[in-house]
Amino acid sequence: MAVAEVQKNLAPEARHLKLNGHVGFDSLPDQLVNKSVSQGFSFNILCVGETGIGKSTLMDTLFNTHFDSTPSTHDLPGVKLKSHTYELRESNVNLKLTLVDTSGFGDQINKENSFESITDYINTQFEAYLQEELKIKRSLDTYHDTRVHVCLYFIAPTGHSLKALDLVTMKRLDSKVNIIPVIAKADTITKAELQKFKLKLMSEITSNGIQIYQFPTDDETVADLNSTMNGHLPFAVVGSTDEIKVGNKMMKARQYPWGTVQIENENHCDFVKLREMLLRTNMQDMVDVTHSRHYELYRRTKLGQLGFVDDNGMSLQETYEHKRQEHMASLQKKEEEMRQMFVVRVKEKEGELKDAEKDLHSKFDTLKKQHADEKKKLEDKKKHLEDEMNQFRKRKEATIAAQQQAQQAAQAATMGKGKKR
């Protein structure tokens, strides 16, 4: 039995006691608030959507500022995630905000693996946090948490249905991140079309088993509001940082020849609803859900792959020792297999070398025989040439001797004729 289980079994049930006077631990919520405010907060948003659908504009509108963003082209070979972190301050609250954009999403001809870069990024952030947790000397209080807390999934206002890419991507992401679907550029379709489009999207999301983020209803203070807002998903939003004078007020709006779309007018779009749910009501819940559900699932899966499970009756040290022994046995087995493979390959190589040696000897004997035959032929030709040279020399000497005799005979005849005269 594990040590934790023993301690749990031995722990007595807590008794309820009544205090006779004020103690002071009722200030704990205030202490927690002060500590949280002094440490600051982190919030990370992942924006998934096609290039040019208005992700950067909506972020600028949500936080009422201008973030550094470079327009992406449509010719990227794959999906590239760009992360930017900003320090924001409102009143006395500091927020470290990280915005992650998916450049090139949906621009490729083959969109089969477009979601892989996104899931890899989310898993990388989970792994970084897990490695920090597993360190002997941890610094989680000062650690910059880069885990994605919410994914704003931007849907093109086609008025028809979700694209296959959207269905596949959201299905891959729903177990890793809180997904809030939003209809981008909602001012491009009519109100009637927008309402039908919302119903169609939610029907497809439900029928395909996609688990989007539901605003919590367990807190009585926001239960009614969140329950109502769950019925408005997906939010139809319009973004703009331009301020236009409407009546006597300057407000963010988009000016068209046919009229003006007011960003913060709930009759025109759901921007105010999105801002209320995302930033003002449920931001901390998204952080908590990310840690308690999505990260916990990743952590449990990762530790399970390493052999750490809760229901095997072993402590952490016993599990580690058992896993170490399994690893050592696996290494020894692989070492033996490699040794045997090495022996087999050495024998194969020796056989190849012996065959090559035999071939070399055979070639050498053949060449040696050819050399001997060529040498004999050359010696025969040399002897034949020497015989011909000797015969030629003899014939030459005989010819020379005959010529000399003929010359002597001619001279003798000439001298005889002169005497007769």
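Now for a quick tour of the structure. This structure is a prediction, so every number in the text was calculated from the model and none was measured. (Residues numbered from 1 in each chain as written. Predicted model: local features only at pLDDT ≥ 70, side-chain atom pairs only at ≥ 80, totals over all residues. Heavy atoms only, no water.)

### Description of unusual backbone geometry
Step number 1: Cis geometry marks the peptide bond from L233 to P234, where omega comes out at -5°.
Step number 2: Within the secondary structure, P234 is located in the loop between α7 (223-230) and β6 (235-236).
Step number 3: Even without being a glycine, S91 presents a positive backbone phi close to 60°.
Step number 4: In this structure, S91 sits in the loop between β2 (80-90) and β3 (93-103).
Step number 5: Unusually for a residue other than glycine, K185 sits at a positive phi of about 50°. (Helix = DSSP H or I, 4+ residues; strand = E, 2+ residues; numbered from the N terminus.)

### Digging into α7
Step number 1: Buried residues of α7: A223, N226, M229 and N230, and no others. Taken down its axis, α7 places every buried residue within 135° of arc, on the same side.
Step number 2: Residues of α7 that are buried in the fold lie against β6 and α8 (271-281). (Buried < 20%, exposed > 50% of the residue type's maximum accessible area, 1.4 Å probe, protein only. Arc of directions from axis to C-beta. Contact = heavy atoms within 4.5 Å.)

### Remarks on empty space enclosed by the protein
Step number 1: Scanning the model with the defined rule gives one cavity of 30 Å³ or more in all.
Step number 2: Within this model, the largest cavity holds a volume of roughly 40 Å³.
Step number 3: The wall of the largest cavity is formed by G49, E50, I53, F105, F154, I155, A156, K163 and D166.
Step number 4: Class assignment for the residues of the lining of the largest cavity results in five nonpolar, one polar and three charged. (1 Å grid on protein atoms, 1.4 Å probe; cavity = no way out; pocket = protein on both sides within 12 Å on 5 of 7 lines; lining within 4 Å. Points joined across faces, edges and corners; volume = space filled by probe spheres on them. Nonpolar A, V, L, I, M, F, W, Y, C, P; charged D, E, K, R; others polar.)

### Comments concerning the sheet that holds strand β9 (residues 259-262)
The strands making up a sheet are joined through hydrogen bonds of the backbone, oriented either antiparallel or parallel.
Step number 1: Reading across from one edge, β7-β8-β9 is the order of the three strands in this open sheet, with antiparallel pairing throughout. Two strands bound the open sheet, and with one partner strand each, they are β7 (243-246) and β9. Between one strand axis and the next, the sheet turns through 65° on average, direction left out of account. (Pairing = 2+ DSSP bridges. Axes fitted to C-alpha atoms, helices over the stretch in contact; angles between N-to-C directions.)

### Observations concerning the nonpolar core
Step number 1: Among the nonpolar cores identified, the biggest contains 73 residues, and F43, I45, I180, F235 and L278 are the most heavily contacted of them.
Step number 2: Not counting chain neighbours up to four residues away, the residues in contact with F43 comprise L95, K96, L97, T98, H149, V150, L278, M283, M286 and V287. (Core = buried A, V, L, I, M, F, W, Y, C linked by side-chain atoms within 4.5 Å.)

### Quick look at the sheet that holds strand β4 (residues 150-155)
Step number 1: Read from one edge to the other, the open sheet built from six strands follows the order β2-β3-β1-β4-β5-β6, with strand pairing classed as mixed. In the strand order of this sheet, the two ends are held by β2 and β6, each with one partner.
Step number 2: Taken together, the four bridges between strand β1 (residues 41-48) and β4 define a ladder with parallel strand orientation. Considered in β4, the bridge of I45 is made with V150.

### Digging into the packing of aromatic side chains
Step number 1: Applying the stated criterion to the full structure yields ten aromatic pairs.
Step number 2: The interplanar angle of 50° and the centroid separation of 4.7 Å between the aromatic rings of F67 and Y86 together place this pair among those described as tilted. Within this pair, whereas F67 is found in the loop between α3 (55-62) and β2, its partner Y86 is found in strand β2, the two being separated by 19 residues in sequence.
Step number 3: F67 sits in the buried class, given a relative accessible area of 4%. (Phe/Tyr/Trp six-rings, centres within 6.5 Å; stacked < 30°, edge-to-face > 60°.)

### As for the layout of surface pockets
Step number 1: Approximately 1,600 Å³ is the volume attributed to the largest pocket.
Step number 2: Lining the largest pocket are 44 residues; nearest its centre among them are F41, S42, L95, M283 and Q284.
Step number 3: Among the elements of the structure, α2 (28-39), β1, α3, β2, β3, α8 and α9 (283-305) are those that each provide at least two residues to the lining of the largest pocket.
Step number 4: With six residues, α9 is the single largest residue contributor to the lining of the largest pocket.
Step number 5: In the lining of the largest pocket, the residues fall into 16 nonpolar, 14 polar and 14 charged.

### A closer look at the side chain of D270
Step number 1: Position of D270 relative to the elements: it lies in the loop between β9 and α8.
Step number 2: For D270, a relative accessible area of 7% translates into the label buried.
Step number 3: If sequence neighbours within four positions are ignored, D270 has contacts with K198, H232, P234, F235, A236 and V237.

### Brief notes about the pairing of β1
Step number 1: Among the eight residues in β1, six count as buried, and that is most of the element.
Step number 2: Relative to β3, β1 runs parallel, the two sharing seven bridges. Note that in β3 the partner of F43 across the bridge is L97.

### Considerations on the pattern of salt bridges
Step number 1: With the rule as written, the count across this model stands at 18 salt bridges.
Step number 2: Across the salt bridge formed by E133 and R299, the nearest N and O atoms sit 3.7 Å from each other. On the criterion of sequence distance, the pair formed by E133 in helix α4 (residues 116-134) and R299 in helix α9 is long-range, its members being 166 residues apart.
Step number 3: You can call E133 buried: its relative accessible area is 18%.
Step number 4: Close ionic contact of K273 with E266 constitutes a salt bridge, the shortest N to O distance being 3.1 Å.
Step number 5: The class for E266 is partly exposed, based on a relative accessible area of 43%.
Step number 6: By sharing partners, the salt bridges in this structure join K198, E266, D270 and K273 into a single network. (Salt bridge = Lys/Arg side-chain N within 4 Å of Asp/Glu carboxyl O.)

### Details of the environment of N226
Step number 1: Counting through the fold element by element, N226 comes out in helix α7.
Step number 2: What makes N226 buried here is its relative accessible area of 0%.
Step number 3: Remark: the alpha-carbon pair of N226 and S27, spanning 199 residues in sequence, is separated by 29 Å.
Step number 4: Leaving out residues up to four positions away in the same chain, N226 has contacts with F215, P216, T217, M277, T281 and N282.
Step number 5: A polar side-chain atom of N226 sits 2.7 Å from the main-chain carbonyl oxygen of P216. (Polar contact = N/O pair within 3.5 Å; in protein donor to acceptor, adjacent residues only side chain to side chain.)

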